[in-house]
Amino acid sequence: MGRKAQFGELGVVKQTKGPGRKAKKQKPPKMLPGLPKPEGDDEPKKLSHRQKQRASRRTKKKEEKKLIKKERKKGLKKEEDVQNVNGKSEETKKIKREIVKQFSDSNNKWLKSKSTPVIAEKDDDVESYDSNSDIDDEELEENGENGVESYDEDISDDDYLAGTLDDVDSSNESGIEDASLKKKKKATKKRKVDESDDDELLPIEKAAKKLRAEKKIEEAEANEEMNMQINVASQDVFVFPAEDQIDEHIPIPEVEQRIKDILLVLSNFNKFREPNRSRQEYTDLLLKDLCTYFSYNTFLMEKIMLLFPLEDLMAFLEASETPRPVTIRTNSLKTRRRELAQSLINRGVNLDPIGNWSKVGLVVYNSTVPIGATPEYLAGHYMLQAASSMLPVMALAPQENEHILDMCAAPGGKASHIAAIMKNTGVLIANDVNKNRAKAVVGNFHRMGIANSVISTYDGRHIPQIFKNFDRVLLDAPCTGTGVISKDSGVKMSKDETDLQRCFTLQRELLLAAIDSLNYKSSTGGYLVYSTCSVLAEENECVIDYALKKRDVKLVDTGLSFGTEGFTNLRHHRFHPTMKLTRRFYPHTHNMDGFFVAKLKKFSNIIPKNDDQDDFEEETETNTEPDNSNNSTEEEEKPKEKVGKMNKKPKHGRGKNRNNKN
Ligand SMILES: C[S@@+](CC[C@H](N)C(=O)[O-])C[C@H]1O[C@@H](n2cnc3c(N)ncnc32)[C@H](O)[C@@H]1O
């Protein structure tokens, strides 16, 4: 508003052009005599006391910088001077001391942190700059670009002040550093080297500077490694406890450390063992400590230790302590996965498809609503089902219009999956000996709209006397549950030898009954899938091996795209070579419950009589060929080609696949 005065020389200030409110601009006002003269350029500006202080500080700083640059250029002239810079020549040190002196006490911290070999991150630098510098915000604003410039300059100075190799070495004396810290340091140093390339340096200077910094880092790393080796070599890692100390109670953190120590010794036994100690002594102590640390009974821990190499053992035990992700299976009888996902997302459920291997599975990361009580759940659009539980049904590969038996079906997760794949056609017998659990099957089948099923409560072992000639059978057998410890930690302490024996005896009986209820002449099937949620070989490979001897069945590919091969040998045990067609799933490897899946094809109703050996072979080679003279309990004639197949059944080769490591 109003007219603008022209404070500069007349004519220097341009009159604004362009459309104005008035066509003709008004003349500048005439200044009245006596009024204070505006701040002009002709007289030198009078500075306040504070401004003077700032100006003197700036000049000082500029001088320092000039000094440093001069010295730096001097230092790089000769090649041997490069070493001088690394090692800090006397002259350079002197200059540095000079500079340091000029900082006030309040800067001590800032200086200290920057003179240590751990070069502060740029962010930290900014912070210390802000908090400790005596240049206030006002000045930064005032200086505009200068403020930024001085920051850059500081970094470069700081580089110059940064630690030397000597410093790095001295830090190593204090011992081995944390790996992540080292990594961070390395990254920071590298970044620092890159960032601090001063624009004013010649390319060759920049390169030399970078080279020096990189050399420093390399040497520091080499020193660290050497220190580590020295520590390990001097055996200060682990001293085996005296006889009377072994049973002493020690706190959990110490148990944990001892486990790590023993694992290290066992990983390179010849190198790290104590001369008079056997491997067995270390293994026994490890067993004891693992039982204490993870709360297992000795029997179960011993069994699990036999399954895995040491590094996998720890991973399995750790993974069994944490729950697996919640997963659900879309009921394809009622909805599609995409629609279900959308409805659940709308309710605040955070989810994703389970993976390429399933078209119906979803993994739920978190949810604002209880996932077992949504309207979609109640309407039967999905089943809460572990990822591993979907695998046996996929291996079974049910077909429409078949006759299928689920021998141990409660609560019906897998049975309802079978019914959905059958598209409610054919007949599904969902059996479970436990009447109470069978009620859950009824409830789930109603909810999910399953209409092709009969629910029965027979003892599976008697099924062949009641139902026969199924195209496919699923035997998801009762087991010790060692694959689902994260869901039921009681297993760790409660399962003993008697339980295991009871389990594998029942499993064998159920498996033979399941095979006997299969129709080997089925045009579409004749397949059986055996599964357990146990990782113990006694309940898996041993049971299958037993069935291979007792019935005319062979292992076939499960068709599952992932999973670890079943054992063909385990310690001193040898299993049928085709056992590698079975699949094992582990919490630590596949992030799902521990599971075992085997698929068998039945070739005849022949029941071989020859094999009295109930248990799997232990390093002895026996003839598994059936005695064909009197081996059939069935009336049916045995087709010749089937006999041929059976005779070709591979022998249990001694030492074959000895290196099968799972
Ligand atoms: C692992 S669970 C089955 C889980 C089921 N397949 C599912 O996916 O929901 C084992 C089942 O076997 C049943 N069972 C135990 N002994 C049995 C037997 N002799 N005959 C039939 N079922 C039996 C148990 O009641 C239990 O429900």
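Keep in mind that what you see is a predicted model, and the values were worked out from it rather than measured. (Residues numbered from 1 in each chain as written. Predicted model: local features only at pLDDT ≥ 70, side-chain atom pairs only at ≥ 80, totals over all residues.)

## Observations concerning the overall build of the chain
Part 1: Broken down by element type, the chain carries 25 helices and 15 strands.
Part 2: Going through the 662 residues of the chain one by one, you find that 29% of them count as buried.
Part 3: The contacts in the chain between residues at least 6 apart in sequence include a share of 74% that link residues at least 24 apart. (Helix = DSSP H or I, 4+ residues; strand = E, 2+ residues; numbered from the N terminus. Buried ≥ 20, exposed ≤ 12 C-beta atoms within 10 Å, placed from the backbone. Contact = placed C-beta atoms within 7 Å.)

## Points about the confidence of the model for the chain
Part 1: Summing up the model confidence of the chain, the mean pLDDT is 74 and the portion of residues at 70 or higher is 62%.
Part 2: Low pLDDT (under 50) marks residues 1–19, which in the prediction has eleven contacts with non-local residues, meaning those over four places away or in another chain.
Part 3: Predicted confidence for residues 21–25 stays below pLDDT 50, and this span has two contacts to residues more than four positions away or in other chains.
Part 4: For this predicted complex, the interface score ipTM comes out at 1.00, alongside a pTM of 0.63. (pLDDT = per-residue confidence, 0-100.)

## A short note on the UniProt feature "binding site: S-adenosyl-L-methionine" (unreviewed entry) in the chain
Part 1: Cross-referencing UniProt, the feature "binding site: S-adenosyl-L-methionine" (unreviewed entry) maps to Cys408, Ala409, Ala410, Pro411, Gly412, Gly413, Lys414, Asp432, Asp459 and Asp476 in the present numbering.
Part 2: One can find Asp432 in the loop between β6 (427–431) and α20 (435–448).
Part 3: Every residue in contact with Asp432, bar those within four places of it in the chain, is listed here: Cys408, Ala409, Ala410, Arg437, Ala438, Val441 and Thr457.
Part 4: Considering the arrangement of structural elements, one finds Asp459 in the loop between β7 (453–456) and β8 (472–476).
Part 5: By the C-beta count within 10 Å, which is 15 here, Asp459 ends up partly exposed. (UniProt positions renumbered as here; feature names shortened; annotations may be inferred.)

## Topic: α20
Every α-helix winds through 3.6 residues per turn, so residues three or four apart in the chain are directed the same way.
Part 1: The end-to-end C-alpha distance of α20 is 20 Å, a good match for the 20 Å that 14 residues give at a rise of 1.5 Å each.
Part 2: Of the positions making up α20, those classed as buried are Val441, Asn444, Phe445 and Met448. Relative to the axis of α20, the buried residues are bounded by an arc of 100° and lie together on one face. Facing away from the buried surface of α20 by more than 90 degrees, the exposed residues are Lys435, Asn436, Gly443 and His446.
Part 3: Check the buried side of α20 and you find it contacts β4 (382–384), α19 (413–421), β6 and β7. (Expected span 1.5 Å × (residues − 1). Arc of directions from axis to C-beta.)

## Notes on the UniProt feature "active site" (unreviewed entry) in the chain
Part 1: Mapped onto this structure's residue numbering, the UniProt feature "active site" (unreviewed entry) falls at Cys533.
Part 2: Here Cys533 shows up in the loop between β9 (527–532) and α23 (541–550).
Part 3: Setting aside chain neighbours within four positions, we find Cys533 in contact with Cys479, Gly481, Gly483, Val484, Asp593, Gly594 and Phe595.

## So, the packing of helix α13 (residues 279–294) against helix α14 (residues 298–307)
Part 1: At their nearest, the axes of α13 and α14 sit 10 Å apart, and the two run at 115° to each other. At the point where α13 passes α14, the crossing takes the right-handed sense. Facing Leu287, Leu290 and Cys291 of α13, the residues of α14 in contact are Thr298, Met301, Glu302 and Met305. (Axes fitted to C-alpha atoms, helices over the stretch in contact; angles between N-to-C directions. Left-handed = near helix turned anticlockwise from the far one by under 90°.)

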